[in-house]
Amino acid sequence: MGRWFNRNRKGDDEPPRESTSSGPIVEITVTQGGRSTTKTVGGAVAFGLQYHAYHEQYGATDARTLEAGSRYAQELVRGHDIDEAVAVYQEIVGLRSSALGPEHPDTLRSKHSLAFALWQRGAHAEAERVQRDVYQARRRVLGDSDAETLRSGNNLGWLLIELRRMDEAEPLLRQVADGMARTLGRDDADTLTCQMKLAGLQHLQGRSQQAERALRDVVTRLSRTVGPTNPVTLQARSNLLVVLLDNGRAAEAVDAARSLADDAGRALSNTDGVRLHARHSLARALAGVDRRAEAIGLLADTLPDSERGRGVDHPATLEMRTLFAQLLVEAGDRRAGPEARAALAGCERVHGPGHPDTERARALVRVTR
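Everything numeric in this text was worked out from a predicted model, so none of it was measured.

Draft legend 1. Seen up close, the overall build of the protein. A tally of helices and strands in the protein yields 16 helices and two strands. Buried positions account for 49% of the 369 residues belonging to the protein. Partitioning the contacts of the protein with sequence separation of at least 6, the portion at a separation of at least 24 is 56%. Only carbon and sulfur atoms are counted for the fraction: they give 47% of the accessible area of the protein, which is about 16,600 Å².

Dropping the structure here:
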């Protein structure tokens, strides 16, 4: 199941999909050894300078300062500086809560983004608590059938699935999906996104045939309403691939994965998560039909993009590296040992010594000795 945070949202100020940004460009003067030089900076540094400048010029709780702080935090997430992003979002939430109230729409938008950043940092329980606060606050203020409330419930359901709390996730997502169908329409992208999450839940519960039927329906509807290369449709197609591969349908998955990878390549950057997942799935499918050399070549090209876009220790990067090491072992390739050791080191850092993914990587290391 694809890991994402309701990417088609337009209201909550979460990080955008792409790794590039059109932020401020700032000139700064650096003095060293009595000599001054002027440097031009952009990215997170420029956003941070702008935030602090607004803080001094307009005050901590001015709307311009708070929006600048939110943009700064977004840029930090984009640059994978998650710890600093969490700190800035927490600051913005506190300031907006004091100035506007804890249930003001702007405060809740920032809390939503804080939940996203907390999840990225690995603080999963805290992320779920913050997102639940957003959902409950929107229920109180806007009502159960408001679109913003329903979208918050959708995100909370996703977090519960990722936490494997299926008994809580399923009734919530069914309630949200029904509410979205009534409020937004049966073919609305948000409605179909919620149904996609339900299908992913069914797959995790072992109801793969139901999941496949539901995902095919979601893909068909999304392709008709927003187009086959819309990021949400691409995500649904990516999730359908997971079901096909896990059901042992590698031959069918090869064509679907290649089509998805091609479409994602035209619509998305090299480091976008959906495009990376499509290439990963294609490698899995190729390996499943004994086209190991093609799979190895594809993963060798894709791993650097995953490291740049997601980070070296992102779970999906580690999963990709472990598959790469496994295929290298099977092929008797001399790269198998270093890749297996790198996968094991990453899994131990991220998952801990007893996690199934860590055990899998450890087994590969043993084989290469």
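Draft legend 2. Quick peek at the nonpolar core. In terms of nonpolar packing, the biggest core is built from 41 residues, with L222 and L299 touching the most fellow members. Taken together, the elements giving at least two residues each to this core come down to α8 (189-204), α9 (208-225), α10 (231-246), α11 (250-267), α12 (273-288), α13 (292-309) and α14 (315-331). Of the residues forming this core, the biggest block, eight residues, is contributed by α10. Beyond its immediate sequence surroundings of up to four residues, L222 is in contact with A189, L192, G227, V232, T233 and A236. Core analysis: the second largest hydrophobic core is formed by 27 residues, Y72, I82, L95 and A123 among them.

Draft legend 3. Just the packing of helix α6 (residues 147-162) against helix α7 (residues 166-183), in detail. It is at 9 Å that the axes of α6 and α7 come closest, and there the two elements cross at 155°. When the axes of α6 and α7 are compared, the pair comes out roughly antiparallel. α6 and α7 meet at a crossing whose hand is left-handed. Contacts between α6 and α7 involve A147, L150, R151, G153, N154, L156, G157, L160 and I161 on the former and, on the latter, M166, E168, A169, L172, L173, V176, G179, M180 and T183. Among the residues forming the contact of α6 with α7, the class breakdown is eleven nonpolar, five polar and two charged.

Draft legend 4. Broad picture of α7. Between its first and last C-alpha, α7 extends 25 Å over 18 residues, near the 26 Å set by a 1.5 Å rise per residue. Along α7, the positions that sit buried rather than exposed are M166, A169, E170, L172, L173, V176, A177, G179 and M180. The elements touched by buried residues of α7 are α5 (124-142), α6 and α8. Taken from the residues just after α7, G185 is the one with a positive phi, measuring 115°.

Draft legend 5. Representation of the environment of N155. Position of N155 relative to the elements: it lies in helix α6. Taking relative accessible area as the criterion, N155 reaches 0% and is therefore assigned buried. As a C-alpha pair, N155 and L173 span 18 residues in sequence and 9.2 Å in three-dimensional space.

Draft legend 6. Expanded view of the packing of aromatic side chains. Taken as a whole and assessed by the stated rule, the structure comprises three aromatic pairs. Between the aromatic rings of Y51 and Y72, the centroid separation amounts to 6.2 Å while the plane-to-plane angle is 35°, which identifies the pairing as tilted. One end of the pair, Y51, is in helix α1 (residues 43-58); the other, Y72, is in helix α2 (residues 63-78), with 21 residues separating them in the sequence. When sorted by exposure, Y51 lands in the same class as Y72, which is buried. Taking 5.3 Å as the distance between ring centres and 75° as the angle between the ring planes, the aromatic pair formed by Y54 and Y58 counts as edge-to-face. Within this pair, Y54 and its partner Y58 are both found in helix α1, separated by four residues, close to a single helical turn. On the accessibility criterion, Y58 (31% relative accessible area) is partly exposed. The aromatic ring of Y58 is capped on one face by R64, whose charged end is 3.7 Å from the ring centroid.

Draft legend 7. Representation of α13. For α13, which comprises 18 residues, the first-to-last C-alpha distance of 25 Å matches the rise-based estimate of 26 Å (1.5 Å per residue) to within 8%. Taken as a whole, α13 carries its principal kink of about 30° at T302; the proline P304 stands between one and four residues after it. Listed as buried for α13 are A295, I296, L298, L299, T302, L303, D305 and S306. On its buried face, α13 is in contact with α12, α14 and α15 (336-350).

Each value, and the rule that gives it
- Residues numbered from 1 in each chain as written.
- Predicted model: local features only at pLDDT ≥ 70, side-chain atom pairs only at ≥ 80, totals over all residues.
- Heavy atoms only, no water.
- Helix = DSSP H or I, 4+ residues; strand = E, 2+ residues; numbered from the N terminus.
- Buried < 20%, exposed > 50% of the residue type's maximum accessible area, 1.4 Å probe, protein only.
- Contact = heavy atoms within 4.5 Å.
- Areas by Shrake-Rupley, 256 points an atom, 1.4 Å probe, with all protein chains shown as cover.
- Core = buried A, V, L, I, M, F, W, Y, C linked by side-chain atoms within 4.5 Å.
- Axes fitted to C-alpha atoms, helices over the stretch in contact; angles between N-to-C directions.
- Parallel < 35°, antiparallel > 145°, perpendicular 65-115°, else oblique.
- Left-handed = near helix turned anticlockwise from the far one by under 90°.
- Nonpolar A, V, L, I, M, F, W, Y, C, P; charged D, E, K, R; others polar.
- Expected span 1.5 Å × (residues − 1).
- Phe/Tyr/Trp six-rings, centres within 6.5 Å; stacked < 30°, edge-to-face > 60°.
- Lys NZ or Arg CZ within 6 Å of the ring centre and 35° of its normal.
- Bend = angle between axes of the 7 residues up to and from the residue.

Shape is all these values report; function is a separate question.
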